[in-house]
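# Results of the structural survey
Here is how the chains run, residue by residue.
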Amino acid sequence: AAFKGRPETDDTRGSLFQPVVAALRARFPEAQIVGWDPIVTAKAIAQLGVEAASSVEDAFTASSLVVIQNNHEAFARLSFAGLSRLMRTPAIIHDIWNQQPTLDQSELAEGVAYRAFGAFNIIGAVA
């Protein structure tokens, strides 16, 4: 939810969070949208108009789409392989910062794709 992750901050001003949420709501009005940030408090996330996840695992659980929208070091250290097993399928992990450029797609749960800006290795589409 924060504007940036390096250096870490809890500042949400100018963040991509709200435009991304607005675009998702416009396209998927019935979707449940949750937010999690390693620094931004649950209260501040709720003030942005979404349900706050209690943990990164909670944010991934039963999700069809996860958007990593800032470059916090915590996101680069995540095990997308393990977290992908919590998602419903088909699903996409969309990493705007391409923080895991060496991630092997075969490590993810079947039906989960990792997509990132700067990575043009799209093999197939996940609807």
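Fair warning: this is a prediction, and the values are worked out from it, not measured in the lab. Starting afresh in each chain, residues are numbered from 1 along the sequence in its written order. Whole-chain, interface and lining totals are the exception, using all residues; otherwise, since this is a predicted model, local features are given only for residues with pLDDT of at least 70 and side-chain atom pairs are given and counted only at 80 or more. Think of the side-chain values as coming from all heavy atoms in the structure, minus any hydrogens and water.

Put simply, DSSP marks the helices as runs of H or I at least four residues long and the strands as runs of E at least two long, and each gets a number from the N terminus on. Summing up its helical and strand segments, the protein chain has 5 helices and 5 strands in all. Helices (α) and strands (β) of the protein chain occur, in sequence order from the N terminus, as α-β-α-β-α-β-α-α-β-β. With the radius of gyration taken over C-alpha atoms, the globule rule is written as 2.2 Å times the number of residues to the power 0.38. Expected size for 127 residues packed as a compact globule is a radius of gyration near 14 Å; at 14 Å, the protein chain falls within 12% of this value. Counting only C-alpha atoms and orienting by the principal axes, one finds that the protein chain spans roughly 35 × 35 × 25 Å. Looking at the 127 residues of the protein chain, the share that counts as buried comes to 38%. A contact between two residues is defined here by any heavy atoms of the two lying within 4.5 Å. Contacts spanning at least 24 positions in sequence make up 51% of the contacts within the protein chain whose residues lie at least 6 apart. Here the Shrake-Rupley method, with its probe set to 1.4 Å, supplies the accessible areas, and only the displayed protein chains count as covering residues. Within the structure as shown, the protein chain displays about 7500 Å² of accessible surface, and the carbon and sulfur contribution to it stands at 55%. With a 1.4 Å probe rolled over the protein chains alone, any residue whose accessible area is under 20% of its type maximum counts as buried; one over 50% counts as exposed, and the rest are partly exposed.

What follows covers the pattern of salt bridges. We count a salt bridge whenever a side-chain nitrogen from Lys or Arg sits within 4 Å of a carboxyl oxygen from Asp or Glu. Taken as a whole and judged by the stated rule, the model has 2 salt bridges. A salt bridge links R13 to D11, with the nearest nitrogen and oxygen atoms 2.7 Å apart. One salt bridge connects E73 with R77, and the closest N-O pair in it is separated by 3.8 Å. Its relative accessible area of 61% is what places R77 among the exposed residues.

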